[in-house]
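# Structural description and commentary
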Amino acid sequence: MSKRTARKAVSYLILTLGVLVVAFPFFWMLTTSLQTEQETYSSPPTVVPASPQWRNYPDAWRNAAPGSSGEITFATYFRNSFFVALCVTAGVLFTSILAAYAFAFMEFPGKGVLFTILLSTMMIPFEVTLVPNYSTIVALGWYDTFPALIVPWMANVFSIFILRQFFKGIPRDYYEAAQIDGCGDWRFMWQVATPMAAPALATITIFTFLASWNAFLWPLIVTRSPERFVVQVGLAFLTSAESTNTNMVMAASAIVIIPVIVLYLILQRRFIEGVAGTGLKG
Amino acid sequence: MRRRSWTPYLYLLPAAVILLAFSIYPLFHAFNMSLHTDWGRPGYRFVGLGNYRHLLVETGEFLHSLGVTVWYAVGTVPITMILSFLIAGLLFQKLRALGLFRTIYFLPYVTSTVAAAMVWRWIFNPSSYGLANTVVRWLGGEPLRWYSESTGVFQLLADNVDVVLPSWAAGPSLALVCVIVFSIWHALGFNVVIFLAGLSAIPREMYEAAEVDGATGIQRTRYITLPLLSPTLFFLFIISTIRSFQTFNQIYVIARQGETWTRGTEHLTMQIYRHYYTSHDLGAATATAVLLFLIILGLTFLQMRMLGRRVHY
């Protein structure tokens, strides 16, 4: 066996061990989610349930808000999360395209200063705006409503920045030719610049949607009624109830995790290239 | 030249309104709130730096949380970077299953921190039937309290030989270590993907030339990979450190004990949340947040100065 083959074999071995460690919690979640209550208490822990309790999933789905009145299931949480993430993503795309277009193609007084101010707002951590934003939301009468979950997130500096970089890569000749032909900025933006920026827009869409879907702290402080909970808050609410057993917690966690994993496996190229491409520019 | 028009400003307007209202204005509003007591209540009044004095001097809560936060950053950032650098290096040698490995390593990063942390909380269950305690017992140790243990890990080790360490040397609490393990697991894939992108930007010829000159693997890493990868290392180091100062979700889930959280995991973000949620003391919450903001700002500048000079572009 040559030295190179030996090295590759060792590499495979280490990487496979690493994969097992990384994947283990997912396995542990799934196996616990299929156990009976009795099995979750056993010592040593049950590795494979005697007979998989598939009904834990519908049970966890239906019993999403223990102790609250009304018909709250995971369907409510998923609908809320989906609606919020969709609105946030649409909002971010709209505000980013407009702002990035202005910075990339237009000349106007104060452009440099405004761009610097824009970039420096990236340094403001979310935690410092948390409490003031909460009081703004209360003052607007938006506490425990969908606008509170959506509106503050409808603009994102990083997306504007990425898109501006992309727009700057579009040859200036296109823009000038369009101007001469009488195609105004509005039309040029939507019909030429935006379609050309499709890869950047896809990345922004995926990451905005994912960030909104996984957001927890903000929805936690601005919503109170289970009718308005997003999945992350609903999951934390379900699991904080004393009556909820671990097999239900794991089934509920799996219900939250699995759709994202499926989406990731379908779109993984975009995910990974998005991180690799935009992460470095950040 | 076209005539001066309002058009560009109209294009900027939607983004500007949102950012002004929910990012720039709240920064100043936070400063203002932090100088008042009982904000939003009838007895509200200006107290100057009173909230800061209370946090920094009278109760010392801020220093406790700062200690937790720093331990958290020290525990997560270097280990995640070293592990992911090794994994990326192994993956980079044109292995057959590269795509598959990369997909799995990246998997935790896309899952929600809340749901994934539930699983780790279950693994670190402090009762005797918990998985971590089963492993400990199997290795011949005593069951541990894991996420409900506020004692520092170095102190726990010293307990075996009946030594009492001074509090600054007690180390991060065992509960915080549970959170650190989770965070390393969660962020690993992100780091691997960034490292792989950085590695693929290094010209192949440099390695070939070095090989011809008889450079060893370690020399190639030391003199080619590390210098050329320094922008990537710099980027990852800054972004990971800043993120570690903003961690909340996993602490909230893993260290929860009913309506309170293990004290040894009270990260600055958790302290902001506690002031807001438990005591509804908005002055203390914003004062903590402003101090956190200043630390993050300072860190960013410091890292840019210290590392910026050593980075090869």
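The paragraphs below set out a description of the structure included in this document. Here, residues in each chain are numbered from 1, in the same order as that chain's written sequence. The order in which chains are written sets their letters, starting at A; the order in which ligands are written sets their numbers, starting at 1. Given that the model is predicted, a residue must reach a pLDDT of at least 70 before its local features are reported, and side-chain atom pairs must reach 80 or more before they are shown or counted; all residues, however, enter totals for whole chains, interfaces and linings. Think of the side-chain values as coming from all heavy atoms in the structure, minus any hydrogens and water.

### Let's talk about the overall build of chain B
Segments assigned H or I by DSSP are reported as helices when at least four residues long, segments assigned E as strands when at least two residues long, and all are numbered from the N terminus. From N to C terminus, chain B includes 14 helices and 4 strands. C-alpha extents for chain B along the principal axes are approximately 80 × 75 × 35 Å. Within chain B, buried positions represent 52% of all 313 residues. Contact definition: two residues touch when any of their heavy atoms are within 4.5 Å. The long-range fraction of contacts in chain B, counting pairs at least 24 apart against all pairs at least 6 apart in sequence, stands at 64%. To be clear on the numbers: accessible area is Shrake-Rupley with a 1.4 Å probe, and residue cover counts the displayed protein chains and nothing else. Working note: accessible area of chain B is about 15,200 Å², and carbon and sulfur atoms make up 66% of it. Whether a residue is buried, partly exposed or exposed follows from its accessible area with a 1.4 Å probe, protein chains only, as a fraction of its type maximum: under 20%, in between, or over 50%, in that order.

### With respect to the packing of helix H4 (residues 74–105) of chain A against helix H10 (residues 185–196) of chain A
For any two helices packed against each other, the geometry comes down to the angle between their axes and how far apart the axes lie. Residues and elements named next belong to chain A. Interaxial angles span 0 to 180 degrees and are taken between N-to-C directions of axes, which are lines fitted to C-alpha atoms, for helices over the stretch in contact. In contact at an axis separation of 11 Å, H4 and H10 are set at 105° when each is read in the N-to-C sense. Looking at the two axes, H4 sits roughly perpendicular to H10. Contact residues: Phe 94, Ile 97, Leu 98, Tyr 101 and Phe 105 in H4; Asp 185, Trp 186, Phe 188, Met 189, Trp 190, Ala 193 and Thr 194 in H10. Only Asp, Glu, Lys and Arg are considered charged, only Ala, Val, Leu, Ile, Met, Phe, Trp, Tyr, Cys and Pro nonpolar, and every remaining residue, Gly among them, polar. Of the residues belonging to the contact of H4 with H10, the class tally is 10 nonpolar, 1 polar and 1 charged. In this scheme, roughly parallel covers angles under 35 degrees and roughly antiparallel covers those over 145, while 65 to 115 is roughly perpendicular and the rest are oblique.

### Observations concerning the packing of aromatic side chains
To describe a pair of aromatic rings, you give the distance between the ring centres and the angle between the ring planes. Any Phe, Tyr or Trp ring, taking Trp's six-membered ring, that has another such ring centre within 6.5 Å forms a pair; planes under 30 degrees apart are called stacked, those over 60 apart edge-to-face, and the others tilted. Taken as a whole and judged by the stated rule, the model has 56 aromatic pairs over all chains. Seen in terms of ring centroids, Tyr101(A) and Phe105(A) are 4.8 Å apart; in terms of plane orientation they differ by 35°. Their pairing is tilted. With Tyr101(A) and Phe105(A) both in helix H4 and 4 residues apart, the pair spans about one turn of that helix. Each member of the pair Tyr101(A) and Phe105(A) is classed as buried. Between Trp186(A) and Tyr11(B) the ring centres are 6.1 Å apart and the planes differ by 85°, which places this aromatic pair in the edge-to-face class. Of this pair, Trp186(A) sits in helix H10 while Tyr11(B) sits in helix H1 (residues 7–34), placing the two residues on different chains. The structure contains a cluster of three or more aromatic residues connected by ring pairs, namely Trp61(A), Phe74(A), Tyr77(A), Phe78(A), Phe82(A), Phe209(A), Trp213(A), Phe229(A) and Phe237(A). Note that Arg243(B) overlies the ring of Phe190(B), its terminal NZ or CZ placed 4.6 Å from the centroid. Only when the NZ atom of a Lys or the CZ atom of an Arg is both within 6 Å of the ring centre and within 35 degrees of the ring normal do we say a charge sits over the ring.

### Some points on the interface of chain B and chain A
Contacts between chain B and chain A engage 84 residues on the former and 94 residues on the latter. Of the roughly 7,600 Å² buried between chain B and chain A on both sides combined, carbon and sulfur atoms contribute 77%. Here the quantity called buried area is the total loss of accessible area, with a 1.4 Å probe, experienced by two parts when brought into contact, counted for both. When the area that chain B buries against chain A is broken down by residue, the three leading residues are Tyr11(B), Phe22(B) and Trp122(B), summing to 11%. Any carboxyl oxygen of Asp or Glu within 4 Å of a side-chain nitrogen of Lys or Arg constitutes a salt bridge here. Where chain B touches chain A, the interface holds 0 salt bridges. Definition of a polar contact: a pair of N or O atoms within 3.5 Å, with one able to donate and the other able to accept a hydrogen when the atoms are protein atoms, and with sequence-neighbouring residues admitted only if both atoms are side-chain atoms. Here chain B is connected to chain A by 14 residue pairs in polar contact (both at pLDDT 80 or more). Of the residues belonging to the side of chain B that touches chain A, the class tally is 59 nonpolar, 17 polar and 8 charged.

### Brief notes about the environment of Phe124(B)
All names here are of chain B. Along the chain, the position of Phe 124 falls in the loop between helix H5 (113–123) and helix H6 (131–138). Residue classification places Phe 124 among the buried residues on the basis of a relative accessible area of 8%. Along the backbone, Phe 124 and Arg 145 are 21 residues apart, and their C-alpha atoms lie at a distance of 8.4 Å. Other than its neighbours up to four places away in sequence, Phe 124 contacts Ala 132, Trp 146, Tyr 147, Cys 178 and Val 181.

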